[in-house]
Structure formats: structure tokens, C-alpha cells
Amino acid sequence: MEIESVPVTITLFLISVLVIAVAGTRMARIADRLADATGLGEAFVGALFLGGSTSLAGIVTSITAAAQNHPELAVSNALGGIAAQTMFLGVADMVYRKANLEHAAASVATLVQATLLVTLLAIPLMAMAGPDISVLGVHPASLIIPIAYFLGLRLVSEAQKMPMWGPRQTDETRVEEVVIDNKSEQSELTRLWLQFAMLAAIVAIAGYSVGTAGVSLSVQTGLSESLVGGLFTALSNSLPELVTIIAAVRQGALTLAVGGAIGGNSFDVMLLAFSDFAYRQGSIYHALAARQVFVVALTILMTGILLLGLLRREKHGIGNIGFESVLVLLLYLGGFSLLFFQT
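Residues numbered from 1 in each chain as written. Predicted model: local features only at pLDDT ≥ 70, side-chain atom pairs only at ≥ 80, totals over all residues. Heavy atoms only, no water.

Observations concerning the overall build of the chain
- The number of helices and strands found in the chain is 14 helices and zero strands.
- Listed N to C, the secondary structure of the chain is α-α-α-α-α-α-α-α-α-α-α-α-α-α in terms of helices and strands.
- Looking at the chain alone, contacts between residues at least 24 apart form 87% of all its contacts between residues at least 6 apart.
- Total accessible area computed for the chain in this model is approximately 14500 Å², and 68% of it derives from carbon and sulfur atoms. (Helix = DSSP H or I, 4+ residues; strand = E, 2+ residues; numbered from the N terminus. Contact = heavy atoms within 4.5 Å. Areas by Shrake-Rupley, 256 points an atom, 1.4 Å probe, with all protein chains shown as cover.)

Quick word on the environment of I305
- Within the fold, I305 resides in helix α13 (residues 290-312).
- Residues I305 and L327, spaced 22 residues apart in sequence, show a C-alpha to C-alpha distance of 8.0 Å.
- Ignoring anything within four residues of it in the chain, the contact list for I305 reads E324, L327, V328 and L331.

Quick look at unusual backbone geometry
- At N69, a position not held by glycine, the phi torsion is positive, near 65 degrees.
- Checked against the element boundaries, N69 lands in the loop between α3 (56-67) and α4 (71-95).
- For L136, which is not glycine, the phi dihedral falls at a positive 55 degrees.
- Its location among the elements puts L136 in the loop between α6 (108-129) and α7 (141-161).

Description of α3
- Over its 12 residues, α3 runs 16 Å from end to end, which matches the ideal 16 Å to within 8%, given 1.5 Å per residue.
- α3 sits mainly inside the fold: nine of its 12 residues count as buried.
- Turning to α3, its buried residues number three or more, namely A57, G58, I59, V60, T61, S62, T64, A65 and A66.
- Trailing α3 by a residue or two, N69 shows a phi angle of about 65 degrees, which is positive. (Expected span 1.5 Å × (residues − 1). Buried < 20%, exposed > 50% of the residue type's maximum accessible area, 1.4 Å probe, protein only.)

A word on the nonpolar core
- Grouped together as the largest cluster of nonpolar side chains are 62 residues, with contacts concentrated most on L89, I262, V269 and Y285.
- When residues of this core are assigned to their parent elements, the largest contribution, 12 residues, is made by α4.
- The residues contacting Y285, other than those within four sequence positions of it, are P124, A127, M128, H139, A141, S142, I145, L272, A273 and D276.
- Formed by 13 residues, the second largest nonpolar core is a distinct cluster that contains M27, I30, L34 and L189. (Core = buried A, V, L, I, M, F, W, Y, C linked by side-chain atoms within 4.5 Å.)

Re the environment of A129
- Note on placement: A129 falls in helix α6.
- Residues A129 and H286, spaced 157 residues apart in sequence, show a C-alpha to C-alpha distance of 8.1 Å.

Points about the confidence of the model for the chain
- The predicted model of the chain has a mean per-residue pLDDT of 76, with 71% of residues at 70 or higher.
- For the chain, helix α2 (residues 42-54) is the element with the lowest average pLDDT, namely 62, and helix α12 (residues 270-278) is the one with the highest, namely 89. (pLDDT = per-residue confidence, 0-100.)

Side note on the packing of α3 against α12
- Where α3 contacts α12, the two axes come as close as 8 Å, and the packing angle between them is 30 degrees. On the basis of their axis angle, the class for α3 and α12 is roughly parallel. As for the relative orientation of α3 and α12, their crossing is right-handed in sense. For the pair formed by α3 and α12, the contact residues are G58, I59, S62, I63, A66 and A67 on the first element and L271, F274, S275 and A278 on the second.
- Residue composition of the contact of α3 with α12, grouped by class: seven nonpolar, three polar and no charged. (Axes fitted to C-alpha atoms, helices over the stretch in contact; angles between N-to-C directions. Parallel < 35°, antiparallel > 145°, perpendicular 65-115°, else oblique. Left-handed = near helix turned anticlockwise from the far one by under 90°. Nonpolar A, V, L, I, M, F, W, Y, C, P; charged D, E, K, R; others polar.)

Side note on a nonpolar patch on the surface
- Together, I15, V19, M198 and I202 give the surface a local cluster of nonpolar side chains, amounting to about 330 Å² of exposed area.
- Taken together, the elements giving at least two residues each to the nonpolar patch come down to α1 (6-38) and α8 (186-221).
- Tracing the backbone through its elements, the reader meets M198 in helix α8. (Patch = residues over 30% accessible without salt bridge, like charges linked within 9 Å, V, L, I, M, F, W, Y side chains within 5 Å. Salt bridge = Lys/Arg side-chain N within 4 Å of Asp/Glu carboxyl O.)

Re the pattern of salt bridges
- Evaluation of the coordinates by the stated rule reveals one salt bridge.
- Between R154 and E158 there is a salt bridge whose closest N-O contact spans 3.3 Å. Taken together, the residues R154 and E158, both in helix α7 and four residues apart, mark about one turn of the helix.
- What makes E158 partly exposed here is its relative accessible area of 36%.

Looking at the packing of aromatic side chains
- Summed over all chains, the structure comprises three aromatic pairs.
- Seen in terms of ring centroids, Y149 and F150 are 5.1 Å apart; in terms of plane orientation they differ by 75 degrees. Their pairing is edge-to-face.
- When its relative accessible area of 46% is taken as the criterion, F150 is described as partly exposed.
- Pairing Y332 with F336 gives two aromatic rings, centres 4.8 Å apart and planes at 45 degrees, and the pair type is tilted. With a gap of four residues between them, Y332 and F336 both fall in helix α14 (residues 323-342), about one helical turn apart. With respect to class, Y332 is no different from F336; both count as buried.
- Pairwise contacts between aromatic rings join Y149, F150 and F267 into one cluster. (Phe/Tyr/Trp six-rings, centres within 6.5 Å; stacked < 30°, edge-to-face > 60°.)

Considerations on the environment of L329
- Within the fold, L329 resides in helix α14.
- In this structure L329 comes out as buried when scored by relative accessible area, which is 13%.
- Along the chain, L329 and L89 lie 240 residues apart, while their C-alpha atoms are 9.0 Å from each other.
- Contact partners of L329, with chain neighbours within four places excluded, come to M87, G90, V91 and M94.

Here's what the structure looks like:
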């Protein structure tokens, strides 16, 4: 369904963005409490539960766009969200003043998560450039991506529980301390899970509204679906992640900030698989333009630079901001500026 009035479209878009931001922020607080109450830890809860739940808006947006025969918008929303959340870590580095975020937050879990993200992003890139094959309208890559994600998540869990090596500890290294709240009763845990599920449903409904408004906005304004999806809807759906990352950094929960963002990005790659199932005109990977290949490559480049920053661990950069963070911010702004001027 497309909305014909531009003012109504913009109003719906802004209201949905506000709902996503408020509900997503509340979800982050509950997830932090669940991490302590269950003993699962910030990295795992951030990557799986929080990353997956705050991605609900993006999932519904992409699926809605794909089902309405707008594959470019669906994929651009997914890829744009990953790029935006990677860029948010550069913003978080500016907020954290004690040392460069890449230095303080380096851990085995975050390194494995970043490597997993690069691996997952390579799969749709191969599907886009490979033969046009599909089974019942679904490309085999859409089956491989979820399997690879869950196998990778298992590696992250194993690396966190039994690391074979770790970064050298310095005065500014922040290591997550898993605190198990044994006082939490079953009724309290049930209440937290119910609140979390309710907020996740609200975010999903708002995501549907963002997707509908995004399609209408693209039609009404003449802007390309790549720009609308990669910039407007992606940034809107990523607002919960931005608020979560900044709040976590301010509280000193660096593992939740970095691990949650990268882990959430890995989950977001599955948006491409979900969109392929919703798109009924064939393989969604071969219904795309060169702009989507550009965004995939840009996202891989940004993640690779972040990974190198976590390995290099520069303690203090110019203005106490890591060189890698500055480069990630410049790449994001430069890359999407090119897309804007190509429109």
C-alpha cells in the first residue's frame, strides 16, 4: 500500500521513527537487566536478543518493501543499516574520552564478531555477481546466510567462554564482567521477557510503517530507492542501536556497545535472506543495480577498517579519537554522498 499525500507520508515516517527510538531504548535497558539476571553476558545478549530485536523494524521494513516489489529499497535498507551502525561506533569513539574505543573494547568476542560480519557480507556479494539461480524464487545464498550466522554465533559464544588468546591488558582495557543476579526470581524474569517481547512487537509495527512510508516517499519525491533505503529508512531503523551504543559507552559497558553493534550487524545480514523469501519475482540478488554492490563493498571496507583498529589498538589518536573511527566516518559520509549526487 502506497500513500498518495507527501505530508501524510512524512508525518507517518516521523511518528514511526519516534516510536522506534523510544521503544528501542527501553528494550536496551531491559536487555541489560536480562544479561545479569540470566548470566548470559552483555556480548551474547547484545548480539542475539538485543541485536535481533532492535533489528525487527529493519526486518519488517525490508520484507514490506520486497513484498511490494521494491527489491532495491529492501536491500538498501538492510545494507544501509549495517553501514550506519558501523558508523555509530565512530560517533561512540568521540563520546568515550578516556582512550580510543578500539583500544579499550578489544576482546576475542568482538574480533570474532567482526570477522563473522565480513564473512557474511561476502555471501550476498557472491550471489549478486554469480549465476542467476533460484529454487522456488529463492537463491541458495538465502539459505546459507542464516546457517552461517548461527554457526558464527556459536563461535562467538565459545570464544567468550574459552578464549584461546586475548589482547594484552593495559590500563585502558575494559573487560566485561559477567554478573549473575541470583536474586532474580522466576516471576521477575518472566515479567522482563514479556516486556521485552511487547516492545519488540511495537518496534516491528513501527518498522512496517517506516517501510510503507519509505516506498511512498521514493515514488512521490523521485529519489532513488537506494538513497531512500540506504539513508532515510536505514538511519531511522538504526536509532535504537545509536541510543544503545552511546548509553552503553557512557556507562562504561564497552563490550555491550561494540559487541552489540557488530553482532547486530551480523544479524542484519539476514534481512537480505528474509527479503529474498518475500520477493516473489525471482532471486532478489539479481534484481539489483550496481549501487547495491557499491554499498556492500563500502560496508565490508568499513568493517575491515574497524577490525584492523581492534587489532592495532592505538591507545590515543588526534583529539583522542582513533584514526580508524575518523576513516569510518569519512567513508560513510563520502560513500552516501556519492549515491546522493548520482540520483
